[in-house]
Amino acid sequence: MNILKFGGTSVGSAESISTLIRILRSERERENPVVVLSAMGGVTNILLEMAEQARNLQDYSVRLKEVEERHFSVIRTLLPAGAQNPVLTRLKIYFNELEDILQSVYNLRELSPQTRDLILSYGERCSTFMVSHIARQQFADALFVDGAQLIKTDNNFGQAKVNSNLTEMLIRDFYEAHEGQLLFVTGFIASNDEGRTTTLGRGGSDYTAAIWGAALNAGEIQIWTDVDGMLTADPRIVKKAFSLPELSYTEAMELSYFGAKVIYPPTMIPAFLKKIPIVIRNTFHLDFPGSCIRHNTSPSNLPIKGISSIDEISVLNLSGSGMVGKAGFSGRLFSMLSREQVNVVLITQSSSEHSITFAVKPSDSLKALSLINKEFELELQAKKLEYPEVENGLSVLAIVGENMKRTPGIAGKLFSALGRNGVNVRAIAQGSSEYNISVIISRADLSKAVNAVHDAFYEDLKKTLHIFCLGTGNIGKTLFSQLLEQTPFLAENNDLQVKVVGISNTRKMHIDPEGIDLNNWQEALESQDIKASLPDFIKKMKTLNLPNCVFVDNTASHNPVEYYLDILQSSISVVTCNKLGNSSDYEQYAAFKQAARSYGVDFLYETNVGAGLPIIRTLKDLMLSGDKIRKIEAILSGTISFIFNNFKDDKRFHEVVKQAQEMGYTEPDPRDDLNGRDFMRKMLILARDAGYPLEENDIELQNMLPAACMAAESVDDFYRELENNAAYFEDLKNTAAKDGKVLRYIGKMEQGKVSITLQMVGEGHPFFTLSGSDNVISFTTNRYKDRPLVVKGPGAGAEVTAAGVFADIINIGKR
């Protein structure tokens, strides 16, 4: 036979109780189960609340009436009129008894643990009596059983210890005397030798089911709740958490100890000893098979079974020379804490024996501190020990799984995931069994940490990047289009989900932690009442503290650059096509690079130099592989490239410049391109990436235009000056053509020096055949000394620049 335990949500409404009856009808076709019931959902908390109200001389009658009416409403809904009166009468007697007890508490202004247990017992008594009589409409032999009469405990009210031998004998005798009947047993409650009501503590109804299962050697214990079994993580924190079909007792107990609230460790002990499977089922999802906790589990491919956590803990650290080599010190400390009923959640000790760190519940922290000061008073006064302090605002995160013992690199993957997301680990604990690695972290980082670790260990799921995008111009718009179009490809081929959670331009900003729909991001942004504020945008990004977070700068403004360092130091990666950050002071450039290294994040800027061309990445790969850069030559301006590629035959220079402007290759004032300063910034970034700490004034920049052209007061005057100097440009073109050469405006880095000059190059030069508005760069290295490594292609335009930003984002996701 099976034991079926139904939790508070499963008996919380007429609808859920009807589902419970359907489950029993199906189960009884096979076996005759024993049914264990909790109080109706939320009733236990209300009973506790009323007890406190009575002690504090507050009115509890409203809440009492509310509980009474919930039960009566279910009776009126599910029982025919003729069957209601006996049940309502019995329930009314229960509620009258409860009211009398609460009135006594009110009069005495005292609430003892014994009285609290008695008050709480009415939740299970009322729900079980009610459900058993509703079930009697389907099952004539349904019997209400007050479990308190059969489960015997000590006098530790609130957390009573079960007398297993006596309890099992009473249960077996009762079951044999009522063989064939459908028993509905109150969960959670028991009684001592004097018959006074006790309770079994947290998870007490599950514990009741396990006690009955062990006493009757049940085939299976089913825990019916409102979730799909045990999940890989708390679904309220990790949206991608999934159900586990099977766990061992050890795995389930480890997960439960560290906060997995589906089932509690004491529940499993009786089942564990008898090797009875425990199945977690969902009352509201009957087709789902749930999770089975058993002795012998099938082999699993999962490196870990789950991630669990304790939201709030306090840590005490005891250190000093008086601990070193002193036998029995730890025993003295923890025996004292155990004797005083202080539960220690986690312990870690340095190998030097100089310090012991342990975690307790926040409610026990000051008590533990006082006990330590008292127990070790002499050592503290003699300064053999430092006075301990309590650190609050912390959480425990634990990864659990039997496969951890056989899988190398588990700890490395855990700490890598935490490190890349800026989660500082305060303490670490791992048992020799290797079933569990626990870390203490800041409570503020818990959600981010659990999500990051979940992404790291469950590679079959899609890793999620959270993107905050600044700038909605041509590049920003194109990036969103590319992300939208490539979403299925990223999921299928890279196991990656890119979720844009923040968008801002100079007018408005929009942040949605669940992700912004890129199908209508413009409408969503424009509908916002929030005015754009770069400090607020960045503050919100940091406050959300999302895992795998990336800040994307698609602007050409100085303002975002001021925040790069702060963003990187917040363990948020930065992707930027804004070259102003890397081409200003070298000290700033170096600070960005150092921050990225120190905080384990990425600072990527491929598009600073060649839009979508892999120039920065190629240079980095050459240097990482040990190659030595001898010389770099480049044309890194699409505008200038177009002009000199088309300045040939009978075309005049001012005509080619005008054509470039009309085709959108130049700024409104072409001199902003032709002055070479943008080109210079790109060469400066390349030189710095090659290892040279150069400043802007270290670069030799030749002006390709006569002074009169640059000094012209307007764009029209500029074009007139170009015509006036036509002979100058014609002479350059003809001189080059005479020698079979072409004009090219080339940047060169050699031996740590950078120059940008107008040159004439022949057929043997890799830039001779350049066409259109392409950019080109050649790397002459020790390996590529006879034939340089050449990268050539479009170096400007929203499509290729957005593609370069996209590639940087994906590279962060793949790390």
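Rules of the game
Residues numbered from 1 in each chain as written. Predicted model: local features only at pLDDT ≥ 70, side-chain atom pairs only at ≥ 80, totals over all residues. Heavy atoms only, no water. Helix = DSSP H or I, 4+ residues; strand = E, 2+ residues; numbered from the N terminus. Buried < 20%, exposed > 50% of the residue type's maximum accessible area, 1.4 Å probe, protein only. Arc of directions from axis to C-beta. Contact = heavy atoms within 4.5 Å. Axes fitted to C-alpha atoms, helices over the stretch in contact; angles between N-to-C directions. Left-handed = near helix turned anticlockwise from the far one by under 90°. Pairing = 2+ DSSP bridges.

**Q** Hey, could you go over unusual backbone geometry for me, with residue numbers and the actual values?
**A** Look at asparagine 217: it is not a glycine, yet its phi comes out positive at around 50 degrees. Following the sequence through the fold, asparagine 217 ends up in the loop between α7 (204-215) and β7 (220-225). On the basis of relative accessible area, asparagine 217 is assigned to the exposed category, the value being 55%. One non-glycine residue, lysine 383, adopts positive backbone phi at about 60 degrees.

**Q** An account of helix α17 (residues 534-544) is needed here, citing residue identities and associated values.
**A** Looking only at α17, the buried set comprises Leu534, Phe537, Ile538 and Met541. Summarising the axial view, the buried residues of α17 lie within an arc of 90 degrees, below the 170-degree limit, and thus occupy one face. Along α17, the residues that are exposed and aim more than 90 degrees away from the buried face are Lys539 and Thr543. Elements in contact with the buried residues of α17: β17 (463-470), β18 (496-504), β19 (509-511), β20 (549-553) and α18 (564-569). Among the residues trailing α17, asparagine 545 stands out with phi positive, at a value near 55 degrees.

**Q** I'd love a proper account of the packing of helix α2 (residues 43-55) against helix α5 (residues 113-135), names of residues and values included.
**A** Packed helices, taken two at a time, are described by the angle their axes make and the gap between the axes. One can describe the packing of α2 onto α5 by two numbers: an axis separation of 9 Å at closest approach and a directional angle of 145 degrees. Crossing handedness for the pair α2 and α5: right-handed. Counted together, Val43, Thr44, Leu47, Leu48, Ala51, Glu52 and Arg55 of α2 and Arg116, Ile119, Leu120, Tyr122, Gly123 and Glu124 of α5 form the full contact between these two elements.

**Q** Kindly report on the sheet that holds strand β23 (residues 629-635), identifying the contributing residues and their values.
**A** In spatial order, the strands read β24-β26-β25-β23-β27-β28; together these six strands make up an open sheet with mixed pairing. Here the strands that pair on one side only, and so sit at the sheet edges, are β24 (700-701) and β28 (789-794). As paired strands, β23 and strand β25 (residues 742-750) are joined by four bridges and run antiparallel to one another. Looking across to β25, one finds that glutamate 633 is bridged to lysine 748. In this fold helix α23 (residues 638-646) packs onto β23, β25, β26 (753-761) and β27 (774-781), with an angle of close to 140 degrees to the strand it touches most, β25.

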